[in-house]
Every structure is written in C-alpha cells, then in structure tokens.
Amino acid sequence: MSQSSSMIGITGLTHSYGTREVLKDVSLSIARGEVFALIGPTGAGKTTVLRIIDLLETPTSGEIIFDGRPVPQSGRQRLEMRRRISFIHQKPQFFDSSVYDNVACGLRWRGEKEDVISNKVRSILEIVELNGCDGRDARTLSGGEAQRVALARALVLEPEVLLLDEPTANLDPVSGAKIERLIQNIAGQHRTTMIMATHDMSQGQQLADRIGVLIEGRLVQTGDATCVFRSPRSEEVAGFVGMENIIECIIVANKDGIATAAIARGPEALMIEAVSDHPKGKEVYACIRPEDITLAPVTHQSSARNSFQGMVANVASSGPLSRVEVDCGFPLIALVTRVSADELGLEMGLPVVADFKATAVHIIERSTDR
Ligand SMILES: Nc1ncnc2c1ncn2[C@@H]1O[C@H](COP(=O)(O)OP(=O)(O)OP(=O)(O)O)[C@@H](O)[C@H]1O
Ligand SMILES: [Mg+2]
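This report concerns the structure included in the present document. (Residues numbered from 1 in each chain as written. Chains lettered and ligands numbered in written order. Predicted model: local features only at pLDDT ≥ 70, side-chain atom pairs only at ≥ 80, totals over all residues. Heavy atoms only, no water.)

**Regarding the packing of aromatic side chains**
For the structure on display, the rule yields 3 aromatic pairs. Summarising the aromatic geometry, the rings of Phe 308 and Phe 330 are spaced 5.1 Å apart at their centres and angled 85 degrees between planes, so their arrangement reads as edge-to-face. With a gap of 22 residues between them, Phe 308 in strand E16 (residues 306–318) and Phe 330 in the loop between strand E17 (321–327) and strand E18 (331–337) connect regions that are remote in the sequence. The pair Phe 308 / Phe 330 is uniform in exposure class, with both members buried. Judged by centre distance (5.9 Å) and plane angle (25 degrees), the rings of Phe 308 and Phe 356 are stacked. Of the two residues, Phe 308 sits in strand E16 while Phe 356 sits in strand E19 (residues 351–356), which places them 48 residues apart along the sequence. Taken as a pair, Phe 308 and Phe 356 share a single burial class, namely buried. A network of ring pairs unites the aromatic residues Phe 308, Phe 330 and Phe 356 as a single cluster. The cationic tip of Arg 366 hangs over the ring face of Tyr 285; the distance from NZ or CZ to the ring centre is 5.9 Å. (Phe/Tyr/Trp six-rings, centres within 6.5 Å; stacked < 30°, edge-to-face > 60°. Helix = DSSP H or I, 4+ residues; strand = E, 2+ residues; numbered from the N terminus. Buried < 20%, exposed > 50% of the residue type's maximum accessible area, 1.4 Å probe, protein only. Lys NZ or Arg CZ within 6 Å of the ring centre and 35° of its normal.)

**Digging into a nonpolar patch on the surface**
Residues Ile 250, Val 252 and Met 271 make up a contiguous nonpolar surface patch of roughly 200 Å² in combined accessible area. Relative to the helices and strands, Ile 250 resides in strand E11 (residues 245–255). Among the residues examined, Ile 250 registers a relative accessible area of 32% and is labelled partly exposed. (Patch = residues over 30% accessible without salt bridge, like charges linked within 9 Å, V, L, I, M, F, W, Y side chains within 5 Å. Areas by Shrake-Rupley, 256 points an atom, 1.4 Å probe, with all protein chains shown as cover. Salt bridge = Lys/Arg side-chain N within 4 Å of Asp/Glu carboxyl O.)

**Considering unusual backbone geometry**
Phi is positive for Glu 129, which is not a glycine, with a value near 60 degrees. Residue placement: Glu 129 occurs in the loop between helix H4 (114–127) and helix H5 (143–155). Looking at Glu 129, the relative accessible area reads 38%, which means it is partly exposed.

**Here's the deal with the sheet that holds E17**
Strand order in the open sheet formed by 5 strands is E15-E19-E16-E17-E18, with antiparallel pairing between adjacent strands. Two strands lie at the open edges of the sheet, namely strand E15 (294–297) and E18, each paired on one side alone. Neighbour to neighbour, the strand axes of the sheet diverge by 45 degrees on average, direction disregarded. As paired strands, E15 and E19 are joined by 4 bridges and run antiparallel to one another. From the neighbouring strand, Thr 294 faces E19, where its bridge partner is Asp 355. (Pairing = 2+ DSSP bridges. Axes fitted to C-alpha atoms, helices over the stretch in contact; angles between N-to-C directions.)

**Focus on the packing of helix H3 (residues 99–109) against H4**
Packed helix pairs are characterised by how far apart their axes lie and by the angle those axes make with each other. Where H3 contacts H4, the two axes come as close as 10 Å, and the packing angle between them is 125 degrees. In terms of axis orientation, H3 runs oblique to H4. The hand of the H3/H4 crossing is right-handed. Where H3 approaches H4, its residues Val 99, Tyr 100, Val 103, Ala 104, Leu 107 and Arg 108 are matched on the opposing element by Glu 114, Ile 117, Ser 118, Lys 120, Val 121, Arg 122, Ile 124 and Leu 125. Across the contact of H3 with H4, the residue classes tally to 9 nonpolar, 1 polar and 4 charged. (Parallel < 35°, antiparallel > 145°, perpendicular 65-115°, else oblique. Left-handed = near helix turned anticlockwise from the far one by under 90°. Contact = heavy atoms within 4.5 Å. Nonpolar A, V, L, I, M, F, W, Y, C, P; charged D, E, K, R; others polar.)

**A few points about the sheet that holds strand E13 (residues 271–275)**
A sheet is described by the order of its strands in space; here 5 strands give the open sequence E13-E12-E11-E14-E20, paired in antiparallel fashion. Of all strands in the sheet, those bounded by a partner on one side alone are E13 and strand E20 (361–365). For this sheet, the mean inter-axis angle between neighbouring strands, taken without regard to orientation, is 45 degrees. Across 5 bridges, strand E14 (residues 283–288) lies against E20 in antiparallel orientation. Across the sheet, residue Tyr 285 finds its bridge partner in E20, namely Ile 364.

**Some points on the site of ligand 1**
Looking at ligand 1, there are 13 residues lining it, with Thr 42, Gly 43, Lys 46, Thr 47 and Thr 48 nearest. The separation between an oxygen atom of ligand 1 and a polar side-chain atom of Thr 47 is 2.8 Å. Note that an oxygen atom of ligand 1 is positioned 3.1 Å from one of the side-chain N or O atoms of His 199. For ligand 1, whose unbound accessible area comes to 640 Å², protein coverage reaches 63%. Secondary-structure elements contributing two or more residues to the shell around ligand 1 are strand E2 (20–31) and helix H1 (46–53). Among the elements that make up the shell around ligand 1, the one with the highest residue count is H1 (3 residues). Considering only residue class, the shell around ligand 1 consists of 4 nonpolar, 6 polar and 3 charged. (Near = heavy atom within 4 Å. Polar contact = N/O pair within 3.5 Å; in protein donor to acceptor, adjacent residues only side chain to side chain.)

All quantities given are derived from atomic positions and should not be read as evidence of function.
Here you go:
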C-alpha cells in the first residue's frame, strides 16, 4: 500500500485558541522512520502542532491521517492510535516515586506482568545510561537525568511515533549532547518516526532528515537541512536560519547565470555578484551567511567575485568564534575564528577587506516575502 510510507499526514490544519489563529493551513507528510525537526521562533506554534499530532488537542479544522487512516474525533480507534505515540514534554513531570516506578507506570497501565515490566524497565534504563538509578526518587534528578528518564518512560512503551518538545532546552551542553546521541541511536536502531520541536537550528540540522520552518503558525518551508539553511525561501526564514546578512538589492544585469545586484540602500555603485537566474529589474535580497565572509588586511589581493573594503565597526567574541561587523558603506557581518581575529588584530576602526564568493550569495525575491 503506498500509504504505508507515510506515517503522519496533515492537511489544511488550522487551530485557534479563542479568536486567535495560532496555526494556519499547515500541511505536512512524515514518512515512517523519518526524523523531522520543526523549527521556529518562540510562539510559532511548534508545541501546538505536536499536541495535535499526539491527539491531545483537536484542531479547529484540517485532517490528520495516522498510518494511512483518518484520525476520528473520538472513540476506541482514536485511543488505539494514541497508544502508538509517545510525547516527551519540554519539562517532564514525574510521579513522586522512584525512577523505576515512573518508567514502569505506562506498562502497568497496559496491564503487563511485573516480570516483563522489570526486564523492560531495566533494559531501557541501560540504554539511557541510568542503570543503577532505578531506586532514586525521580524528583531529585538533575535536568539531564530527568530528560533521560522521560526518554526511557516513552521508549519503554515501544512507540511507533515519538514526539519530542525541545528535548535539550534548559540542559547544559554536555547533557544536551548526550540526549542528542540517544536520539540518534534510537532513530538508527529502532527506526522510530520522530518529530521534534526545537529552537536550536544546529540540532535540527544534525539530527533530522528533514526540517520544517514554522513562523507565526505557517509552515513556510520544508526540506533537508542544506536546502533550508542555504536556500531559505523568504527573508523571515533567512533571518531565522542565521543568514545574518540580508541586503536589499536590485538586479541590474544577468549574464550566463551570474547576476549583478546593486545595493539599494547605501552609496551608489556598490554591486554584489551572485550565482542566480534572477533577471534584470528584480527587487531582491542578497543573503550571505556570516561564516561565508572572510576578512583580510587591505593589502590582500582578492580573487573573490565580491570584495569590499570597510572598517571594523564591532567585534564580539564568544567561545572560539568572533562576530565582526564591518562597515563597507553597508553593514556586513562576518564570523571568523578567534585565532584569525587575533592574527588580523581586529579592533574597531581597523580597515579590512571582506570577501565572499558569488556561490555564497543566496538571492530571494522581495515580492515573495510574505
Ligand atoms: N492553551 C492555550 N491557550 C491559549 N493560547 C495558547 C495556548 N497554548 C498556546 N497558546 C498560544 O499559541 C501560540 C503558539 O504556542 P506554542 O506553544 O505552540 O508555540 P511554540 O512554537 O511551541 O513556542 P515555544 O518555542 O515558546 O515553545 C502562542 O502564541 C501561545 O501563546
Ligand atoms: Mg513550545
């Protein structure tokens, strides 16, 4: 059956809280075994999508197909579908009892025998690297441990669909990395269909087969990570995925797929060259990721298609990277390693050359923005 490849199908989903429409015409199909990341700013509607897929919430309109069958409004079939899904909430809540009891409770509700439960709970605690913690009071766990217990509690029920809401939010980087590794193992070994909501773009990029960008209740783009991060469809998506340089331009020439774009706001005659089919006259944004811009001393002979001389306007370092703002008559933001920032002696007022390739420029039409 062709439907068997799609585990979850959502069509024309709209949801309102009171008079506020928080999801607008969302359509999405998630394949069996796929790991899908829903990314978007706070309040975009990510949790609401997960709650609707978990059948906790009934959408105002739209249809959900679960494993080839439409989800009914109520009744036994809906309950049976719910049992095939597990939802890990952003802030997991535990019963005031042991880790073992918290992980076992779902199996108890299902009427499993205690010896079966014991085997399953112990093996799942091993997977999440919490063997030996079964007797601990679940309410005394650290954030990372709690998230792993939540994962164990969900996985012990062997769900076909696992929903994860911000699985690593509020965790320190080491605990977060551990959770990410577990998620990756589960996806690899069990082929569980996973849908995760995350603010963290790099997490989406790293873990998911496909990414969906949700902005103000609309699913504005879906695709693999490269497509979403390198070729965002709109200015909003570009901004959200870290294309920090979004420059208003107008295409003044196009020769053999190399477009010349004049910068709209700024001094005359500054041009950006981009690999693009957009024709002369189009109003566009030229988008460049800050990590695709290199900085060099003004004496440097550049071979890049785009080379602008400017003055360092700001340097902000965090960890191994420095974010450098260069005033080239228009602002350009470059991300360079701290080592090269030190080598260049980057400081405010220093003249530099900012280079980037024509292939690093992604062009978005301004008219298709919203
Ligand atoms: N039960 C509710 N009643 C009324 N409004 C709600 C309810 N739940 C969510 N909302 C509103 O719906 C919108 C979407 O919320 P949702 O929690 O789905 O966003 P989100 O993308 O998960 O955000 P975050 O990244 O902060 O978790 C928000 O504006 C929120 O205030
Ligand atoms: Mg949320």
